[in-house]
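Chain residues, written in single-letter form:
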Amino acid sequence: MFFFFQAEDGIRDLVRSRGLGDVYKRQIMQQLSQRAQERFELMEEVGRGTMGVVFRAYDRELDEVVALKILSEKFSEDEDAQSRFRLEVKSTRRLSHQNIVRIHDIGEEAGRKYISMEYVDGGDLKKLIASQKRLQPSEAIEYGIQIASALSAAHALGILHR
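Since this is a predicted model, take the numbers as computed values, not measurements. (Residues numbered from 1 in each chain as written. Predicted model: local features only at pLDDT ≥ 70, side-chain atom pairs only at ≥ 80, totals over all residues. Heavy atoms only, no water.)

Visitor: Which residues make up the overall build of the protein chain, and what values do they have?
Guide: Assigned secondary structure in the protein chain consists of 7 helices and 5 strands. Counting all 162 residues of the protein chain, 35% fall into the buried class. Long-range contacts, defined here as pairs at least 24 residues apart, represent 50% of the contacts in the protein chain between residues at least 6 apart. When the accessible surface of the protein chain is split by element, carbon and sulfur atoms take 50% of a total near 10100 Å². (Helix = DSSP H or I, 4+ residues; strand = E, 2+ residues; numbered from the N terminus. Buried < 20%, exposed > 50% of the residue type's maximum accessible area, 1.4 Å probe, protein only. Contact = heavy atoms within 4.5 Å. Areas by Shrake-Rupley, 256 points an atom, 1.4 Å probe, with all protein chains shown as cover.)

Visitor: Tell me about the environment of Val-66, and please be specific about residues and values.
Guide: Inspection of the secondary structure puts Val-66 in strand β3 (residues 64–71). Taking the relative accessible area as the measure of exposure, Val-66 reaches 0% and is therefore buried. Each C-alpha atom of the pair Val-66 and Phe-55 lies 8.2 Å from the other, and the pair is 11 residues apart in sequence. If we skip the residues at most four places from it in the chain, Val-66 touches Phe-40, Phe-55, Arg-56, Ala-57, Asp-59, His-104, Ser-116, Met-117 and Tyr-119.

Visitor: Let's hear about helix α5 (residues 79–93): which residues, and what values?
Guide: For α5, which comprises 15 residues, the first-to-last C-alpha distance of 21 Å matches the rise-based estimate of 21 Å (1.5 Å per residue) to within 8%. Those residues of α5 that fall on the buried side of the exposure criterion are Ala-81, Gln-82, Phe-85, Glu-88, Val-89, Ser-91 and Thr-92. (Expected span 1.5 Å × (residues − 1).)

Visitor: So what about the side chain of Ser-116? Which residues, and what values?
Guide: You can see Ser-116 is positioned in strand β5 (residues 112–118). Once residues within four sequence positions are removed from consideration, Ser-116 is found in contact with Phe-40, Asp-59, Val-66, Ala-67, Leu-68, Ile-103, His-104 and Asp-105.

Spelled out as structure tokens, the structure:
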């Protein structure tokens, strides 16, 4: 599940055309506390979803590149959204599997919740399929095995992916 962050159209266009611009980075980071601003350096946006945005970020405390998922301001005030956010973190922290990213940290800074997690370099399966239009049968089988293995590990712990 990815989260969605509301950005002005002009800023969104800047990000699409030139990568993660300084104005956009400052806008996002100013919504977090000084502590979070000192800890993370946003590098690029890597995903969006219903409730927020995910960035590739440098975590100065861990001294590594992480995926930083930030819950949008709109959902930071929504108890149901916060509950789903906490449940996602609790569930994922219990998992240890090669095809499931590890959660490093969860935080709330200046009223904005975030998750710091393992960053996996590379594209996602949806983009791969869109670019190739069709996977070779052997590739589809290999991806299917990896997905089934990850889901099996989650299901063994009573966790359902939706």
